[in-house]
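In case you want the letters, here they are:
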Amino acid sequence: MEIKDEDIFPFISGEIIDLVASNSNWAHLYAKWRNDPEVRLYMRNVMPRTLESIKKRYEPQEGGLPEHISFTIFHKKDKKPIGGVGLNNINWFNRSANAWAQIGEKEYWGKDIATEAVKLLLKYAFEELNLHKVNGGAAIYNIGSWTVAEKVGFKFEGISKEEFYVNGEYVDIKKYYYLQDDWFKNN
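Quantities reported herein were computed from a predicted structural model and do not represent experimental measurements.

Remarks on the sheet that holds strand β6 (residues 133-139)
Then, in step 1: Within the open sheet, the eight strands sit side by side as β1-β2-β3-β4-β5-β6-β8-β7. Their pairing is mixed. The open sheet has two edge strands with one neighbour each: β1 (10-13) and β7 (155-166). Strand-to-strand twist in this sheet, taken as the mean axis angle between neighbours without regard to direction, amounts to 30 degrees.
Then, in step 2: Note: β7 against strand β8 (residues 169-179), eight bridges, orientation antiparallel. Paired with S160 across the bridge in β8 is I173.
Then, in step 3: Against the sheet, helix α1 (residues 27-35) makes contact with β3 (69-75), β4 (80-91) and β5 (96-103), and its axis sits at roughly 75 degrees relative to β4, the strand it touches most.
Then, in step 4: The sheet strands contacting helix α5 (residues 143-152) are β6 and β8, and the helix crosses β8 at an angle near 15 degrees.

Quick look at the packing of aromatic side chains
Then, in step 1: Scanning the entire structure with this criterion turns up eleven aromatic pairs.
Then, in step 2: Centroid distance Y165 to Y170: 4.7 Å. Interplanar angle 55 degrees. Geometry classified as tilted.
Then, in step 3: Given a relative accessible area of 48%, Y165 falls into the partly exposed group.
Then, in step 4: On the basis of relative accessibility, which here comes to 51%, the residue Y170 falls in the exposed class.
Then, in step 5: By the ring-pair criterion, three or more aromatic residues cluster together here, those being F126, F154, Y178 and W183.
Then, in step 6: Over the face of the ring belonging to W146 we find K174, whose NZ or CZ atom lies 3.5 Å from the ring centre.

Here is what the cut-offs are and how they apply
- Residues numbered from 1 in each chain as written.
- Predicted model: local features only at pLDDT ≥ 70, side-chain atom pairs only at ≥ 80, totals over all residues.
- Heavy atoms only, no water.
- Pairing = 2+ DSSP bridges.
- Helix = DSSP H or I, 4+ residues; strand = E, 2+ residues; numbered from the N terminus.
- Axes fitted to C-alpha atoms, helices over the stretch in contact; angles between N-to-C directions.
- Contact = heavy atoms within 4.5 Å.
- Phe/Tyr/Trp six-rings, centres within 6.5 Å; stacked < 30°, edge-to-face > 60°.
- Buried < 20%, exposed > 50% of the residue type's maximum accessible area, 1.4 Å probe, protein only.
- Lys NZ or Arg CZ within 6 Å of the ring centre and 35° of its normal.

None of this, on its own, says anything about what the molecule does.
Below is the structure:
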């Protein structure tokens, strides 16, 4: 699928990537990423996702504030979607959310793209949404994810014992948090 510049509307611009609104036009990519055993290994995607179920997620929702906000990570130079990042479990009363990121195109793993994406997401969460706290967590074996959390300034909160079942065993989760006050001090 060829992507034209006029089809991309960056919501948040970065150096290497832009965060663009996720949309049903890329549903086949989202389905590929969410069903790929390597990509979904530590993402808690244990149920297969059909193209139809993915498309349904991007249909307009009626009323109220969203419980999740997601973006597609768009590589500027290569002009293609390569993953996703977002906030889920948003609690507008307590002004908190959980951050997540997924690089679906494996050739972009280990290139600090998730680090840039999460920094852009945190800037949005704290400076535009006025969230007070953003949480994150990663399986102990998911070194890439918890390394990103530490690089961008998340603080280690603790270990949640045997919280995640993967590859036939229960594994620990490293829990992190980032407070809005810390964001403004650091940025």
